[in-house]
Amino acid sequence: METRVLLFDDASIGEAARQILAGQPVAVPTETVYGLAGDATNAEAVARIYEAKGRPSFNPLIVHVPDLAAAERIGDFETEARALAEEYWPGPLTLVVPLRPNAEIAAIVTAGLPTIGLRVPVHPAMQALLRKTARPLAAPSANASGAISPTRAEHVLKSLDSRISLIIDGGPTERGLESTIIAAAGGPLRLLRPGPLDIDAVVETSGRIEAPGQLASHYAPSKALRLNASSANVDEYMIGFGSIAGDFSLSPSGDLVEAAAGLFDALHRADASDRPRIAIAEVPDEGLGQAINDRLRRAAA
Ligand code: TXA
Ligand code: MG
């Protein structure tokens, strides 16, 4: 299969919508990372997403919708979930809520769970695709299973070349980290995956949130990764931060927003370098640094 890369515009979204309605997955940018989108009402289309990613098992997928009204046709929102949706949508928040029994969602999307992860993205490309297809779109990150999430069209192409037919290129993603996932499915809210949102502010909106749950995800570069390095060994590609320089710096000024936006790009560069190992400077474990360190610990595991 030939993989085409088209710049984001009306024509490319039209082409992407045609492919999605024909059951083919298409890679499209969101504000977090690029997603591999497919029609969530079509089980075969969703199966092709898994096939393209080479996922060994059926993890539940996040379903993207254009607005809260569309989300409420698919999931049940209690008071806290609705407050979070109203505060943070459109944006980098995924809410895991009970799936409505009559929702038109293929069972493969939720891997048979009674809950569903829903997200209203702000990115104009994903928004345009949602409106053009008028379907809820299941979209995991657009990388081969176990690989690093893509924050640029080139990353998608490298990971999925000849496995998908179309990539919409909307430039580098703004946030660079996958969405914050919060479960609001009975009982206290649970943070399932830290992400771009400031959790202290989230708690102010919604009340208490339980300690992070474990998601068995992989954010792994193909090379060994050493954390909290103050300098590189000869065989290491060094990723710097703040005062610790490197072959590439997440943020020379120590800005965590800049670091999050460039994190996966840095890991992709390190993976592509001629050195067999990767070292990375310490990133302070505060604010967005917590989400960055969560990804780094998984990548190093
Ligand atoms: O930023 C993002 O969230 C990106 C963009 C494309 O939207 N998507 C993304 O999808 O990161 P993915 O498939 O790489 O990660 C989704 C995570 C998985 O770890 C999955 O287990 C969890 O969301 N998830 C989805 N539905 C769930 C559910 N019903 N219950 C618990 N976890 C769920
Ligand atoms: Mg992923």
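Located above this text is the structure these notes cover.
Starting afresh in each chain, residues are numbered from 1 along the sequence in its written order. To read the labels, note that chains go from A and ligands from 1, taken in the order they are written. Given that this is a predicted model, residues contribute local features only at a pLDDT of at least 70 and side-chain atom pairs are listed and counted only at 80 or more, while totals for whole chains, interfaces and linings are drawn from all residues. Where side-chain values are given, they derive from all heavy atoms of the structure, hydrogens and water being excluded.

A. Quick peek at the pairing of strand β9 (residues 180–183). Covered by surrounding structure in β9 are Thr180 and Ile182 together with Ile181 and Ala183, the residues of both alternating faces. Strands are labelled as partners when DSSP assigns at least two bridges between them. Secondary structure counts use DSSP, requiring at least four H or I residues in a row for a helix and at least two E residues in a row for a strand, with both numbered from the N terminus. When strand β5 (residues 93–98) meets β9, the two strands line up parallel, connected through four bridges. Bridge assignment links Thr94 to a residue of β9, and that residue is Ile181. The pairing of β9 with strand β10 (residues 189–193) spans three bridges and is antiparallel. From the neighbouring strand, Ile182 faces β10, where its bridge partner is Leu191. Between β9 and β10, which pair antiparallel in sequence order, lie five residues; one of them, Gly186, sits at a positive phi of approximately 90°. Each residue is placed in one exposure class: buried if its accessible area under a 1.4 Å probe, protein chains only, is under 20% of its type's maximum, exposed if it is over 50%, and partly exposed if it falls in between.

B. Fine view of the pattern of salt bridges. What makes a salt bridge here is a side-chain nitrogen of Lys or Arg within 4 Å of a carboxyl oxygen of Asp or Glu, nothing more. For the structure on display, the rule yields 16 salt bridges. Arg82 is paired through a salt bridge with Glu72; the nearest N and O atoms lie 2.9 Å apart. One end of the pair, Arg82, is in helix α4 (residues 79–88); the other, Glu72, is in helix α3 (residues 68–72), and ten residues separate them in sequence. Given the relative accessible area of 30%, Arg82 is considered partly exposed. Measuring nitrogen to oxygen at the nearest pair gives 2.8 Å for the salt bridge that ties Arg226 to Glu236. Placement of the pair is Arg226 in strand β12 (residues 224–226) and Glu236 in strand β13 (residues 236–240), with a sequence separation of ten residues. Residue classification places Arg226 among the partly exposed positions, given a relative accessible area of 32%.

C. Structural context of helix α1 (residues 10–21). Multiplying one less than the number of residues by 1.5 Å gives the expected span of a helix. Under the 1.5 Å per step criterion, the end-to-end length of α1 is 16 Å for twelve residues, consistent within 8% with the ideal 16 Å. Restricting attention to buried positions, one finds in α1 the residues Ser12, Ile13, Gly14, Glu15, Ala16, Ala17, Gln19 and Ile20. Residues of α1 that are buried make contact with β1 (4–7), β2 (26–29), β3 (34–39), α5 (124–133), β7 (137–138) and β8 (166–169). Among the residues of α1, the N-terminal cap falls to Asp9, whose side-chain oxygen and the backbone nitrogen of Ala11 are separated by 3.1 Å. Gly23, located one to two residues past α1, shows a positive phi value of around 90°. Whether two residues are in contact is decided by their heavy atoms, any of which lying within 4.5 Å being enough. Residues adjacent in sequence count toward polar contacts only when both atoms are side-chain atoms; beyond that, a polar contact is any pair of N or O atoms within 3.5 Å, and within protein one must be able to donate a hydrogen and the other to accept it.

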